Amino acid sequence: MSTETAAATAKKESLFSKKNRKLLVDPLDDSNPITVQVLGICSALAITVQLQQAVIMSLSVLFVMIGGNVIVSLLRNMIPDRIRIIVQLVVVASLVIIVDQALKAFQPDISEKLSVFVGLIITNCIIMGRLEAFALGNKPGPSFLDAIGNAMGYAWILLAVSIVREVFGSGAISLPGMGQVKFLPTEWFMSEGGFYENNNLMILPPMALITVGIIIWIQRSRNQALIEEN
Amino acid sequence: MAIDKNSTGYTFLFSIAMVVVVGTALAFTALSLKDRQDANAADKKMMDILGAIGVSADRTNANALFAEYVVERVAIDLDGRQVSATSAAVDPTDKADPFSIDVKKDYRASIKSAVKAADGDEAALAAALSDKALEFPLFRCVTDAGQNLYVIPVVGSGLWGPIWGYVALEEDMTTIFGANFDHKTETPGLGAEIKESFFTDKFKGKKLDIEGSALFSVLKGGAPTDENSVDGITGGTITSKGVDEMINRTLKVYLRYFESQTRAQR
């Protein structure tokens, strides 16, 4: 019995074993938190009008996700079962408050635009979902990878949607620190006698839902295993 | 000895330790970032004041432009008497500087409940506020064209939370030069539209009705307007009413000050 466990620990998994790679890559496609699990939709609809907001939101979620997953995973053998949800909530809430305070200090304009959505990271189902489903039962290493995978799965959808919405809605692309770059020549616009007009519908929340829908459509036509049978 | 991590005692100990650790960490973060956040808030305030007189500023030049355009900062009391005035450089840490008067905090702490209790009765409202020692800031600006403008901060309540803004009056103290508004949590697409330029542009050139029952009105969406009123936001009735209420309540205080100024000049 004791030799068996010793052998098991000796054959320690490398951090980039096949199983661990799966943790990192799966959420990007097969188990994407937004398009497959349909979690975290509320923030995906609300803050994808501009790319820079989506970038900051993705980074914030990445930070909270990694911090939350690793901390909960380290504490997993100490957390009393009866208050585990409260403990997870406290960990996530504290990390979110730290992010919120840091944004207010270093990126005040973006903090204003994201307003309540930074606070709402606390209720982002992806984070609590990963803590409860993964970090509570796994070592810090895999939890770290799982956090990166899921945060990236969330992030690329956010970035894709916001690029589509900003390009067609505002004719521009914005990055944090650079401001908004309008790349279309002004004489193209109808107000200047041209032929082009920005699609204002793109700026409204319904188009985010439709854009996410289109991404889901493309994803499932490429990856047929995701199509549910009726 | 193995500890039973599901025992009541352990659960309590764990919770207590967790709260202490988390509390310390958060207090430390908040304190170490406070200076930067305060500086950002001061910049934002300058940008808003400059916005009301039609000067667009960003965070990099707000301080310089504010010093250039805002020539005097005055604090007045509820009866319109001047309490203090300064033209020195803004020092956000100086509590006596009229720039540091936190009108949002004053509104939250004392004015809001008094307005609700008075329910439109002006005498009752004045009586309720008279012992609060409130101060109201006024920013006198001079434009490039040499025009004297008075910027007045206003704070009130929308549907879900606080709304605020800045109203700039021309030298005659009755013509509105410009205004801007902002809000915390009004409904996007409805009440939240008060911060958009299509709404604030309507205030330009309107006049305060000094003799009338209301100085200025924000009417229910679609109603015909005259020179003392603007069209409110359709679907944002409560927010529009909040804008109406905060303008009337606040400007009345400042009009008392303006009257005493014109009397002094005669």
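Above this text sits the structure in question.
Residues numbered from 1 in each chain as written. Chains lettered and ligands numbered in written order. Predicted model: local features only at pLDDT ≥ 70, side-chain atom pairs only at ≥ 80, totals over all residues.

A.B. asks: Can you lay out the overall build of chain B for me, pointing to particular residues and giving the numbers?
C.D. replies: If you tally the helices and strands in chain B, you get 6 helices and 8 strands. When the helices and strands of chain B are read in sequence order from the N terminus, they spell out α-α-β-β-α-α-β-β-β-β-α-β-β-α. Principal-axis analysis of the C-alpha atoms gives chain B an extent of 90 × 45 × 40 Å. The buried share among the 266 residues of chain B stands at 30%. Partitioning the intrachain contacts of chain B with sequence separation of at least 6 by distance along the chain shows that 50% fall at a separation of at least 24. (Helix = DSSP H or I, 4+ residues; strand = E, 2+ residues; numbered from the N terminus. Buried ≥ 20, exposed ≤ 12 C-beta atoms within 10 Å, placed from the backbone. Contact = placed C-beta atoms within 7 Å.)

A.B. asks: An account of the pairing of strand 4 (residues 148-157) of chain B is requested, with residue identities and associated values reported.
C.D. replies: Residue and element names in this part refer to chain B. In terms of residue burial, strand 4 counts as a mostly covered element, since 9 of its 10 residues are buried. Of the pairings in the sheet, the one linking strand 3 (residues 135-142) to strand 4 comprises 4 bridges and is antiparallel in character. Counted as the bridge partner of Val 142 is Asn 148 from strand 4. Two successive antiparallel strands, strand 3 and strand 4, enclose a turn made up of 5 residues, where Gly 146 displays a positive phi of approximately 85°. (Pairing = 2+ DSSP bridges.)

A.B. asks: Please give an account of the nonpolar core that cites residues and values.
C.D. replies: Counting 51 residues, the largest nonpolar core has Ile 49, Ile 53, Val 151, Ile 152, Val 167 and Ala 168 of chain B as the members making the most contacts within it. Setting aside chain neighbours within four positions, we find Ile 53 of chain B in contact with Tyr 69, Cys 141, Thr 143, Leu 149, Val 151, Ala 168, Phe 177 and Gly 178 of chain B. (Core = buried A, V, L, I, M, F, W, Y, C linked by C-beta atoms within 7 Å.)

A.B. asks: Just give me the short version of the environment of Leu 114 of chain A, but keep the residues and values in it.
C.D. replies: Residue and element names in this part refer to chain A. Mapped onto the secondary structure, Leu 114 falls in helix 6 (residues 108-114). As a C-alpha pair, Leu 114 and Ile 47 span 67 residues in sequence and 6.9 Å in three-dimensional space. What Leu 114 contacts, discounting residues up to four positions off in sequence, is Ile 47, Gln 53, Ile 56 and Met 57.

A.B. asks: Tell me about the packing of helix 1 (residues 8-52) of chain B against helix 2 (residues 62-69) of chain B, and name the residues and values.
C.D. replies: Two numbers describe a pair of packed helices, the interaxial angle and the distance between the axes. Residue and element names in this part refer to chain B. The N-to-C vectors of helix 1 and helix 2 enclose an angle of 45°; their axes lie 9 Å apart at closest approach. By the angle between their directions, the pair helix 1 and helix 2 is classed as oblique. Note on packing geometry: the crossing formed by helix 1 with helix 2 is left-handed. Mapping the contact onto sequence places Asp 43, Met 46, Met 47, Ile 49 and Leu 50 in helix 1 and Ala 62, Asn 63, Leu 65, Phe 66 and Tyr 69 in helix 2. Partitioning the contact of helix 1 with helix 2 into residue classes produces 8 nonpolar, 1 polar and 1 charged. (Axes fitted to C-alpha atoms, helices over the stretch in contact; angles between N-to-C directions. Parallel < 35°, antiparallel > 145°, perpendicular 65-115°, else oblique. Left-handed = near helix turned anticlockwise from the far one by under 90°. Nonpolar A, V, L, I, M, F, W, Y, C, P; charged D, E, K, R; others polar.)

A.B. asks: Could you give an account of helix 5 (residues 84-106) of chain A, naming the residues involved and the relevant values?
C.D. replies: For an α-helix the count is 3.6 residues per turn, leaving residues at separations of three or four pointing the same way. In this model, helix 5 of chain A (23 residues) spans 33 Å end to end at C-alpha, consistent with the 33 Å of a helix rising 1.5 Å per residue. Taken together, the buried positions of helix 5 of chain A are Val 87, Gln 88, Val 91, Val 92, Ser 94, Leu 95, Val 96, Val 99, Gln 101, Leu 103 and Ala 105 of chain A. For helix 5 of chain A, the elements touching its buried residues are helix 4 (51-74), helix 6, helix 7 (116-119) and helix 8 (125-133) of chain A together with helix 1 of chain B. (Expected span 1.5 Å × (residues − 1).)

A.B. asks: So what's going on with the interface of chain B and chain A? Which residues, and what values?
C.D. replies: Of the residues lining the interface, 17 residues belong to chain B; the matching set on chain A comes to 15 residues. The class makeup of the residues in the side of chain B that touches chain A is 8 nonpolar, 6 polar and 3 charged.

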